[in-house]
Amino acid sequence: MRKQRQFALGILVVIFSVSLMARVFAPAPYARQFRQSPNAPPSRQFLLGTDELGRDRLSRILVGSQVSLLLAPAAALLSTLLAALVGGVAGTLGGWWERLAMGAADLFLSLPWLFLLLTVRAMLPLNVSPLLSVVITFALLGSLGWAAAARVVCAGARGLRTSDFILQARACGCRSLRLLTKHVLPSLKPALYAQFWISIPVFILAEANLGVLGLGVAEPLPSWGNLLRELENYRSLLADPWLLAPLVLMVLVVSCFQIIIPLEDFPS
Amino acid sequence: MWIQRIARNLLVILITVLLGGLLGATLVRVAPGFGVDEQLLDARLSQDSIQALQHSRDAERNILLFYARYLAGVFHGNLGVSHTLGRPVAQLLAERLPVTFYSVSIGLLGGWLLGLALALPAAMYRFKAYDLSSTLLSGLFLCLPSAVLGIVFLFVGGPAPLAIALVVFPKVFRYARNLLLQTYGLPHVVTAQAKGLSGARVLLWHVLPPAAPQILALAGVSLSMAFGAAIPIEVIYSSPGIGQLAWLAALGRDLPLLVNLTVLVTVLTLMANTASDLANAACTSQPQ
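Residues numbered from 1 in each chain as written. Chains lettered and ligands numbered in written order. Predicted model: local features only at pLDDT ≥ 70, side-chain atom pairs only at ≥ 80, totals over all residues. Heavy atoms only, no water.

Novice: Whenever I open this one, the side chain of serine 37 of chain A confuses me. Can you help?
Specialist: For serine 37 of chain A, the position within the fold is in the loop between α2 (22–25) and α3 (57–93). Look at serine 37 of chain A and you get buried, because its relative accessible area is 16%. (Helix = DSSP H or I, 4+ residues; strand = E, 2+ residues; numbered from the N terminus. Buried < 20%, exposed > 50% of the residue type's maximum accessible area, 1.4 Å probe, protein only.)

So this is what it looks like as structure tokens:
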């Protein structure tokens, strides 16, 4: 299993590195339209063909991977920080704070994730610039995905509340903020790391769903979500199997995350 | 004790639903561009008509007022009118709920049957090749966004409920497989096997009873998964259910429809969670 994890991690490192340098590897700018060759099949000039607007598909996949692979971890970081803040404060202070915070987490968890995401995304302007749409999409993912992680962090902080070193720190006059930042959260680092890793593939898939529904990253900026919209022309899938390229890449990345994260930790 | 428990759960549902609805209304109200109607840009409208249009949305500008009026309407069976579709929300929900209920129920049933059917042999016989292939299969489906599963299923001519089943099945399989493997490792199960009890007897008498409460806990959560999957799948299939309605409401920023859908889905999910909690409590209170 250890070898498999190392192998999966290696694949992820390669894909992340290539996507970081997407603009170097991309044969053409992602938005450039070769009007004389729309829907072109793979050729020497266009290795994965072009889309219906004549844009080089390989360049769009490379830049789309950069967008999805940089921003999904950013969203995961945001949600983990929110979970650490809400769960940590609730677990450390206890009492009404804990009931209030966990009540809010329950409220978030009782709403189906995609329903909530769709509703909140619709509240924000739909016709925004591509860059702003990226920020909105991933900020939403990060700010709505904290609830489950907050419960885990709260349970951990609650367990620490009566531990000897926390009692000693309290007896020495340590304030709640210091207690949280210097003693409780550092002790919960493993749980926070696990939540961070678990969130990344979840956010990649959520962005893909939003993108296919037309509520994700705005054109012409590519992301895995809006690249998958090409699959809606499913009748041409057999004739043009290269349309599946972004899906294959996404499945590869998410499955590598599954292999790295132990099965029992993967969200059920 | 049971009545107290049920009453407490109902109270929690009521408070959560009220807060969920208020949260939905607040989000809609504070959203940029709220209250702007493209009809106001129509040059043919007179000043009076424009003012009448502007006043028609005055009641929605104050969140609490909007929400109080909405709740008062709900008690009289009036859920408001959809701005985008121009029809009473209650009528839309009555038309579309059965479609979603059908696809979600069949999807849940199929997902659970498939998940358990694959998990049981994996835990009972522990064949490496079978375990690996079933884990890989579930892993593949876990990596696919539900929208893509919907597209693939439409491509091969499969029905929408089956696509929902394939979203639910990998999660059920993984959870059930891990749980059953743990349960099969418990000392009393090992002893029962060592005494020569048949596989079916070990499963029915010694494995399923301790595992049932945790499996039931997933049953409540799986409804939420199925509803979440129903949105993209109904959109892809153009199936007239509440998933597609939510998408249309989101694109049209339709306030009454969105608040009602938020409340409705919250009620359904909470009821499922409460039912699985009560079933769980009933299981754990039984003497083993």
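Next, the rest of the story.
Novice: Is there a simple way to explain the nonpolar core in this structure?
Specialist: A general feature of soluble globular proteins is that nonpolar side chains tend to end up buried together. Grouped together as the largest cluster of nonpolar side chains are 123 residues, with contacts concentrated most on Leu118, Ile204 and Met250 of chain A. With residues near it in sequence (within four places) discarded, isoleucine 204 of chain A still touches Leu69, Ala72, Trp224, Met250, Val253, Val254 and Phe257 of chain A. (Core = buried A, V, L, I, M, F, W, Y, C linked by side-chain atoms within 4.5 Å. Contact = heavy atoms within 4.5 Å.)

Novice: Got a minute to help me understand the interface of chain B and chain A in this structure?
Specialist: With 48 residues of chain B at the contact, the number on the chain A side is 36 residues. For the pair chain B and chain A, the summed buried surface comes to about 3700 Å²; carbon and sulfur atoms form 79% of the total. Among the residues of chain B in contact with chain A, Cys143, Ile151 and Phe155 of chain B are the three that bury the most area, contributing 16% of the side total. On inspection of chain B and its partner chain A, the count reaches zero salt bridges. Here chain B and chain A share five residue pairs in polar contact (both at pLDDT 80 or more) between them. Per element, the largest residue contribution to the side of chain B that touches chain A is nine residues, and it comes from helix α10 (residues 199–237) of chain B. Of the residues contributing to the side of chain B that touches chain A, the split by class is 33 nonpolar, 11 polar and four charged. (Buried area = accessible area lost by both parts, 1.4 Å probe. Salt bridge = Lys/Arg side-chain N within 4 Å of Asp/Glu carboxyl O. Polar contact = N/O pair within 3.5 Å; in protein donor to acceptor, adjacent residues only side chain to side chain. Nonpolar A, V, L, I, M, F, W, Y, C, P; charged D, E, K, R; others polar.)

Novice: Whenever I open this one, a nonpolar patch on the surface confuses me. Can you help?
Specialist: A cluster of nonpolar side chains, namely Leu20, Met21, Val24, Phe25 and Leu70 of chain A, defines an oily patch on the protein surface of about 500 Å² accessible area. Among the secondary structure elements, leucine 70 of chain A is positioned in helix α3. (Patch = residues over 30% accessible without salt bridge, like charges linked within 9 Å, V, L, I, M, F, W, Y side chains within 5 Å. Areas by Shrake-Rupley, 256 points an atom, 1.4 Å probe, with all protein chains shown as cover.)

Novice: Please clarify how the packing of helix α5 (residues 89–125) of chain B against α10 of chain B should be interpreted in this entry.
Specialist: In a pair of packed helices, the angle between the axes and the distance between the axes together describe the arrangement. Residue and element names in this part refer to chain B. Contact geometry of α5 with α10 gives a least axis separation of 9 Å together with a crossing angle of 140 degrees. For the element pair α5 and α10, the recorded crossing hand is right-handed. When α5 is examined against α10, the residues Thr100, Phe101, Ser103, Val104, Leu108, Trp112, Leu120 and Met124 are found in contact with a partner set consisting of Gly199, Leu203, Ile215, Leu218, Ala219, Ser222, Leu223, Ala226, Phe227, Ala230 and Glu234. Tallied by class, residues from the contact of α5 with α10 come to 14 nonpolar, four polar and one charged. (Axes fitted to C-alpha atoms, helices over the stretch in contact; angles between N-to-C directions. Left-handed = near helix turned anticlockwise from the far one by under 90°.)

Novice: It is not clear to me how the pattern of salt bridges should be interpreted in this structure. Could you clarify?
Specialist: Side chains that differ in charge, positive against negative, can pair when their charged atoms come close. All names here are of chain A. Summed over all chains, the structure comprises nine salt bridges over all chains. Two residues, glutamate 230 and arginine 57, come together in a salt bridge whose shortest N-O distance is 2.9 Å. Taken together, the residues span a long stretch of sequence, with glutamate 230 in the loop between α11 (224–227) and α12 (245–260) and arginine 57 in helix α3 at a distance of 173 residues. The salt bridge involving glutamate 98 is made with arginine 161; its shortest N-O contact spans 3.2 Å. Of this pair, glutamate 98 sits in helix α4 (residues 95–110) while arginine 161 sits in helix α7 (residues 147–161), placing them 63 residues apart in sequence. According to the relative accessible area criterion, glutamate 98 is buried, its value standing at 12%.

Novice: Quick question: what am I supposed to make of the packing of aromatic side chains here?
Specialist: Two measures describe an aromatic ring pair: the distance that separates the ring centres and the angle between the ring planes. Taken as a whole, this structure holds five aromatic pairs over all chains when the rule is applied. For the pair tryptophan 197 of chain A and phenylalanine 257 of chain A, a centre-to-centre distance of 5.9 Å together with 45 degrees between the ring planes defines the contact as tilted. On the criterion of sequence distance, the pair formed by tryptophan 197 of chain A in helix α10 (residues 189–212) and phenylalanine 257 of chain A in helix α12 is long-range, its members being 60 residues apart. Its relative accessible area of 35% is what places tryptophan 197 of chain A among the partly exposed residues. With a relative accessible area of 1%, phenylalanine 257 of chain A lands in the buried category. Residues tyrosine 125 of chain B and phenylalanine 127 of chain B carry aromatic rings whose centres are separated by 6.1 Å and whose planes lie at 15 degrees to one another, so their mutual orientation is stacked. Joined through ring pairs, the aromatic side chains of Phe196, Trp197 and Phe257 of chain A make up one cluster. A cation over an aromatic ring shows up here: arginine 99 of chain A above the ring of tryptophan 96 of chain A, its NZ or CZ 5.0 Å from the ring centre. Looking at arginine 201 of chain B, its charged tip hangs above the ring of tryptophan 205 of chain B, at a distance of 5.0 Å from the centre. (Phe/Tyr/Trp six-rings, centres within 6.5 Å; stacked < 30°, edge-to-face > 60°. Lys NZ or Arg CZ within 6 Å of the ring centre and 35° of its normal.)

Novice: Any chance you could explain the environment of alanine 104 of chain A here in plain terms?
Specialist: Residues and elements named next belong to chain A. Here alanine 104 shows up in helix α4. Classification of alanine 104 as partly exposed rests on a relative accessible area of 30%. Spatially, the C-alpha atoms of alanine 104 and proline 220 are 37 Å apart, while their sequence positions differ by 116 residues.

Novice: Looking at this structure, I do not really get the state of the cysteines. What am I missing?
Specialist: Residues and elements named next belong to chain A. Per the stated rule, a full pass over the model turns up zero disulfides over all chains. Not part of a disulfide, cysteine 154 finds its nearest cysteine sulfur in cysteine 174, a span of 19 Å. For cysteine 154, a relative accessible area of 0% puts it in the buried group. (Disulfide = S-S within 2.5 Å.)

Novice: In this structure, what is going on with the confidence of the model for chain B? I would like to understand it.
Specialist: Detailed reading of predicted coordinates is not advised where the pLDDT is low. All names here are of chain B. Averaged over every residue, the pLDDT of chain B is 82; the share at 70 or more is 88%. Confidence, read as mean pLDDT per element, is least for helix α3 (residues 58–61) in chain B (63) and greatest for α5 (92). Two summary scores accompany this predicted model of the complex, namely pTM at 0.83 and ipTM at 0.81. (pLDDT = per-residue confidence, 0-100.)

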